[in-house]
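Geometric and topological summary
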Amino acid sequence: MFCMPFVQTTKLTHIYFKGTPLETVALKDIDLEIPEGEFFALVGASGSGKSTLVQHFNGLLQPTSGRVSVFGDDISTRINRNSLWSKVGLVFQFPERQIFSSSVYEDIAFGPRNLGLDENEVKHRVETALKDVGLPAGILQIDPATLSGGISRRVAIAGILAMQTPALVLDEPGAGLDPQAKKQILLALKRLQLEKGTTIVLITHFLEDVVDFAGLVAVLKKGELIASGRPKQVLAQPELLLGAGLEPPFPVAFTRKLSSKGVRLNSSPVTIDDLARAIQRTYQNTGPGDR
Ligand SMILES: Nc1ncnc2c1ncn2[C@@H]1O[C@H](COP(=O)(O)OP(=O)(O)OP(=O)(O)O)[C@@H](O)[C@H]1O
Ligand SMILES: [Mg+2]
């Protein structure tokens, strides 16, 4: 069976305020393909165009030029966006700003209800999504306005998870969360990918998360796509990352430092485990006294 990519962009360019003194070229000639069922990470410095790019994946923005197709449909020609929104859930960069309901339950239930589901199914989805983001059922009757920033972010993410869309796009869902809460959400996303085949697109500043969770990664720099591929290949290139304004993962920075002191490892480790193995192998082969 032919499998449609989730997203395919061809020479996608996005210019804000075109033709005015405020003109900003946010994306330039982006050619990108995100396979269906992939866990895809998007990284880049602040202002590199990440949020702009993903808003094209569910029709929130229109290309200035170029094309975007989502699950095979050219979205620039699409008139009914509702069907797109039932396929692609987007968690915005600051989702907690979009909470308006009177209780946490109502907030998470909003999306599934809009899909026309019966209330039993809505309730089931609310409870499942709440578990996925690691919140207790006791929170459901609380007024969201009284919640802390981290908790309301998790509520907002649960609201999108409850839609159970075939694709989920999350714009820095972990920003401002404690490491444990962030990991819990990433694990829930990974589970959705592996168990339900959900396509996940994750914007993150944490390159360690990319290595741990993503199958593919793309790097944006000032609106241009400068690299894409497997995390262990892309993230093993410290110059590329530094040039894009990103901090290389610790093992990569450490290997670079060693190299600047004349100590060369036999491989380019990206994870702590790989780093330990690389050091072990290098020293087993030559012995520390030989260098
Ligand atoms: N609504 C907007 N109107 C005008 N310019 C915008 C708008 N949104 C973003 N921009 C500009 O477009 C460029 C890309 O911004 P974007 O928000 O996509 O970057 P980003 O990679 O998501 O950054 P961050 O990591 O800070 O979230 C920046 O120069 C930004 O100032
Ligand atoms: Mg952004």
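Let me begin by describing the structure that accompanies this report. It should be emphasised that the depicted structure is a prediction, and the values quoted were computed from it without experimental measurement. (Residues numbered from 1 in each chain as written. Chains lettered and ligands numbered in written order. Predicted model: local features only at pLDDT ≥ 70, side-chain atom pairs only at ≥ 80, totals over all residues. Heavy atoms only, no water.)

The next thing to look at is unusual backbone geometry. One non-glycine residue, Asp29, adopts positive backbone phi at about 50°. Its identity is not glycine, yet Gln164 carries a phi of approximately 50°, on the positive side. With respect to the helices and strands, Gln164 occurs in the loop between helix H5 (149-161) and strand S7 (167-171). Note on Gln164: relative accessible area 37%, which makes it partly exposed. (Helix = DSSP H or I, 4+ residues; strand = E, 2+ residues; numbered from the N terminus. Buried < 20%, exposed > 50% of the residue type's maximum accessible area, 1.4 Å probe, protein only.)

Right, let's get into the nonpolar core. Counting residues in each nonpolar core, the largest one holds 49 residues, and the members touching the most others are Ile108, Leu161, Leu170, Leu189, Val210 and Leu235. Listed in part, the 26 residues of the second largest apolar core include Val7, Val68, Val169 and Val201. (Core = buried A, V, L, I, M, F, W, Y, C linked by side-chain atoms within 4.5 Å.)

Turning next to the sheet that holds strand S9 (residues 216-221). Reading across from one edge, S6-S7-S8-S3-S9-S10 is the order of the six strands in this open sheet, with mixed pairing throughout. Two strands bound the open sheet, and with one partner strand each, they are strand S6 (88-91) and strand S10 (224-229). Taking the axes of each pair of neighbouring strands and ignoring which way they run, one obtains an average angle of 15° across the sheet. With five bridges joining them, S7 and strand S8 (residues 199-203) adopt parallel strand pairing. The residue bridging Val169 from the neighbouring strand is Val201, located in S8. Along the sheet, H5 contacts S6 and S7; its crossing angle with S6, the most-contacted strand, is approximately 175°. (Pairing = 2+ DSSP bridges. Axes fitted to C-alpha atoms, helices over the stretch in contact; angles between N-to-C directions. Contact = heavy atoms within 4.5 Å.)

Limitation: the analysis is restricted to geometry and does not speak to function.
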